[in-house]
Structure formats: structure tokens, C-alpha cells
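Take a look at the letters that make up each chain.
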Amino acid sequence: MALRDLVLWFMSPARRAAAEAESRRWMATCEHCQHTMSIWDMGGLRFHGAGRPVMRQKCPNCGQWSSFHVFWGGSDPAPPMHDTQLTFLSDAARAKAEEESKHWMAECPNCHAKTSIWDLGGIRYKAAGDGSWAVYRCTHCGKSGWHHIRWEGPPKSQSSS
Ligand SMILES: [Zn+2]
Ligand SMILES: [Zn+2]
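Residues numbered from 1 in each chain as written. Chains lettered and ligands numbered in written order. Predicted model: local features only at pLDDT ≥ 70, side-chain atom pairs only at ≥ 80, totals over all residues.

> What's the story with the overall build of the protein in this structure? I'm lost.
For the protein, the count of helices and strands is 4 helices and 8 strands. Taken from N to C terminus, the helices and strands of the protein fall in the order α-α-β-β-β-β-α-α-β-β-β-β. Taken across its 161 residues, the protein has 17% of its residues classed as buried. (Helix = DSSP H or I, 4+ residues; strand = E, 2+ residues; numbered from the N terminus. Buried ≥ 20, exposed ≤ 12 C-beta atoms within 10 Å, placed from the backbone.)

> Please clarify how the environment of Met11 should be interpreted in this entry.
Mapped onto the fold, Met11 is located in the loop between α1 (3-9) and α2 (13-25). Filtering out sequence-adjacent residues up to four positions away, Met11 remains in contact with Arg16 and Ala19. (Contact = placed C-beta atoms within 7 Å.)

> I would appreciate a short explanation of the nonpolar core in the present structure.
Where a protein is soluble and globular, its nonpolar side chains tend to be buried together. With 10 residues, the main nonpolar core is built from Trp104, Met105, Ala106, Cys108, Ile117, Leu120, Ile123, Tyr136, Cys138 and Ile149. Beyond its immediate stretch of four places on either side in the chain, Cys138 contacts Cys108, Asn110, Cys111, Ala113 and Lys143. One finds Trp26, Met42, Phe47 and Cys59 within the second-largest nonpolar core, a separate group that totals 9 residues. (Core = buried A, V, L, I, M, F, W, Y, C linked by C-beta atoms within 7 Å.)

> Hey, could you run me through the sheet that holds strand β4 (residues 65-72) in this one?
The strands making up a sheet are joined through hydrogen bonds of the backbone, oriented either antiparallel or parallel. Spatially, β2-β1-β4-β3 is the arrangement adopted by the 4 strands of the open sheet, whose pairing is antiparallel. Looking at the sheet topology across the chains shown, the edges are occupied by β2 (36-38) and β3 (54-58). Ignoring which end each strand starts from, the neighbouring axes of this sheet average 35° apart. Here 5 bridges tie β3 to β4, and the two strands are oriented antiparallel to one another. Directly across from Met55, in β4, lies its bridge partner Phe68. (Pairing = 2+ DSSP bridges. Axes fitted to C-alpha atoms, helices over the stretch in contact; angles between N-to-C directions.)

> Help me understand unusual backbone geometry, please; the structure alone is not making it clear to me.
With the exception of glycine, the majority of residues adopt a negative phi angle, and the majority of peptide bonds are in the trans configuration. The phi dihedral of Gln34 falls on the positive side, at around 65°, and the residue is not glycine. Here Gln34 shows up in the loop between β1 (26-30) and β2. Classification of Gln34 by C-beta neighbours within 10 Å gives exposed; the count is 9. Backbone geometry places His112, a non-glycine residue, at a positive phi of 60°. Note that His112 resides in the loop between β5 (104-107) and β6 (114-116).

Structure follows, in C-alpha cells:
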């Protein structure tokens, strides 16, 4: 059983249909043959915008391992990227998570632009410590690299650590 089938198995029929409909509108282009197909046709699943903007996969068209650039092919706006992680939170926690994520700033190693984790499509909530490193794609220069993440909000209380 493919992973997709396994995931779909646990969904209600309505959710399954929505997941399929969304997956059909996320498109991916092969870097070798430029063939464009939906994530669904590739045997994948992309729901609530969860997943990576670039996928490494064997192309069903040219048969080569290739990097696929994923983009939204629907006529309506793309689903927000934060949904998947936020579905598990209550409304109040969601608002706090958003606020907190906006105070965590990631510095690009290439152009040194600072972007909040939130604006990078990420989320950081109730995180302990002061700094860490993570790979992000910089929204300013477009390069991926290890971003240094620092807390730049008001001093945090020590109660959470
Ligand atoms: Zn191809
Ligand atoms: Zn940059």
C-alpha cells in the first residue's frame, strides 16, 4: 500500500475528496523534460499546502530522478502554508503561535536579510532556548541555506523552560 493510500484510509470521504481535489491543483514540473503534471497524477498527496516546494522524485514521463518545482495551479488563491501545523491548536493557541512565530527572526547566510519564521511559512511555538539553526529558502535572495534563528521579541518568561 502506498503512503498516499494509507493517509487517505484514515480520512473521512469528504476530507478524502478535498485532499484529492487539492492535490490535483498542485502542479510539479520536471527539471529534465519540463513535463508538468499534478501532484495527484504523480501519486502524491498535498493537502492544506503541506509539503516541500521542491520534491525529489523519479519522473513518470522521462524516467529520470529529477527535482520537481511545485506550484499552485488552481484559479483560486493557494491554501495557506501554515494550516497543517495549526489545525492541532485551539484558536487562542493559534493566535499565540502566530504572534510568537513572528518574533523568531531567521537571518539569511547569503544576504543577511532577516525574515520571521512566520513569513517563511514556518511556525515556532513555546520553543525553549534562545537561538538555533534551520534550513530555509530566503524570501529576499531566493537561496536556501542555514539560517540563524534568534528571538527578537520581548524577553521571555522563564516559566516555559
Ligand atoms: Zn521528466
Ligand atoms: Zn538571502
